[in-house]
Amino acid sequence: RIPVVMDVDTGVDDACALLLAALHPAVDLRAVTCVGGNTDVAQVTRNTLAVLEIAGRDDVPVARGAERPLIERAVHARHVHGDDGMGDLGWVHTDREPDPRHAVELLRDVLGDATEPITVVPTAPMTNLALLARTYPEALRSVGRIVFMGGAAQRGNATASAEFNVFHDPEATAIVLEAAAEHGIPVTMYGLDVFYDPTVTRAEAQQLAASTDDMARLAGELIEFQCERFGSEQATIGDAGAVCAVIDPGGIQTSALPVRVELAGTWSRGRTIVDVRDWSGDLAHDPHGRADAVIDVALEIDGRRYADLWLETVRRT
Ligand code: BDR
Ligand code: CA
């Protein structure tokens, strides 16, 4: 089993990702840390606890982390994820309290205790991980891999240039990519180039939602919510695709490419600049002398394969 730690901003599609990570037999989910993003961090933490409870995974420690990005103010995405961040579907009730540690301390402890490399899967702004890299850099020695949802080679969603998670905290992403390069940690970027491709149809979602199993019902309702919101007959499993990429890496094709995060820019701040040239040196120099991050960028995906992986897991067949 693959030891995994997730960092989330639950989030309709983070919920889809959590259900998969909580239930798939190939994943050993060691901890989940929460960060402000789709909604505020207190709500993100409640949502995360509620989803894990529905999945029967009260054993997984959940900690609350950073409320806001390193520099800018938080911009939430309630227009996409609803007021409670979970589509206002009435699923967010739990008596469980989060772990008393801050997310950064929980990450430090879980990584520090690890006897084998841990795969870290951020599906949210990377504020917690940047704070970890700056506060307890030695913890990164236990990180075997980072597979993150964020960025894109070709397009944005929060702005025309930038994907939401990177846009929300560009400095954090830059810090994490640099720290990974310094520590020799392989990074896979599961970005918008592939994010929209694994889709579940409204009919498949309705079937799930009609189940007697709470977990399947929640999964179905989350997809149906997105179909309604976007007026579509299908919806992406979103962040869950990044978990699929951990379980079944053969479902995506990646290219090792230099990636920089645009930290300035008026209309391009938060863009991941993916260098697709035949790269043999660059006329651009980082004024701060940061390590170049060459990361595995997901450019092609077998969307049906990942959608099926998710469906089979959440319907427990
Ligand atoms: C990402 O931003 C959030 O809205 C989603 O949960 C996903 O992580 C997509 O840009
Ligand atoms: Ca997310």
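Residues numbered from 1 in each chain as written. Chains lettered and ligands numbered in written order. Predicted model: local features only at pLDDT ≥ 70, side-chain atom pairs only at ≥ 80, totals over all residues.

A.B. asks: Requested: an account of the overall build of the protein, with residues and values cited.
C.D. replies: Along the protein, the regular secondary structure elements total 12 helices and 11 strands. Here the protein has a C-alpha radius of gyration of 18 Å; the compact-globule value for 317 residues is 20 Å, and the two agree. For the protein, the spread of C-alpha atoms along the principal axes amounts to about 60 × 40 × 35 Å. Of all 317 residues assigned to the protein, the portion counted as buried reaches 53%. Pairs at least 24 apart in sequence give 81% of the contacts found in the protein among residues at least 6 apart. (Helix = DSSP H or I, 4+ residues; strand = E, 2+ residues; numbered from the N terminus. Rg over C-alpha atoms; globule rule 2.2 N^0.38 Å. Buried ≥ 20, exposed ≤ 12 C-beta atoms within 10 Å, placed from the backbone. Contact = placed C-beta atoms within 7 Å.)

A.B. asks: Outline unusual backbone geometry, listing residues and values.
C.D. replies: Cis geometry marks the peptide bond from Thr10 to Gly11; its omega dihedral reads -10°. Mapped onto the fold, Gly11 is located in the loop between strand S1 (2-8) and helix H1 (12-23). One non-glycine residue, Asp88, lies in the positive phi region at around 50°. Inspection of the secondary structure puts Asp88 in the loop between helix H3 (78-81) and helix H4 (103-113).

A.B. asks: With reference to specific residues and values, describe the site of ligand 1.
C.D. replies: Near ligand 1 lie 15 residues; those nearest to it are Gly11, Asp13, Thr123, Phe164 and Asp239. Within the residue set of the shell around ligand 1, elements represented by two or more residues are H1 and helix H6 (164-168). Its residues placed into classes, the shell around ligand 1 shows five nonpolar, six polar and four charged. (Near = placed C-beta within 6 Å. Nonpolar A, V, L, I, M, F, W, Y, C, P; charged D, E, K, R; others polar.)

A.B. asks: Got a sec to walk through the nonpolar core? Specific residues and values, please.
C.D. replies: With 106 residues, the main nonpolar core has Leu18, Leu19 and Trp310 as its most contacted residues. At nine residues, the largest contribution of residues to this core is made by H1. Dropping the residues within four chain positions of it, Trp310 is found in contact with Cys16, Leu20, Ile237, Ala240 and Cys244. (Core = buried A, V, L, I, M, F, W, Y, C linked by C-beta atoms within 7 Å.)

A.B. asks: Give me the lowdown on the confidence of the model for the protein, citing residues and values where you can.
C.D. replies: Overall, the predicted model of the protein reaches an average pLDDT of 95, with 98% of residues at or above 70. At the level of chain-chain contacts, confidence expressed as ipTM amounts to 0.97, with global pTM at 0.96. (pLDDT = per-residue confidence, 0-100.)

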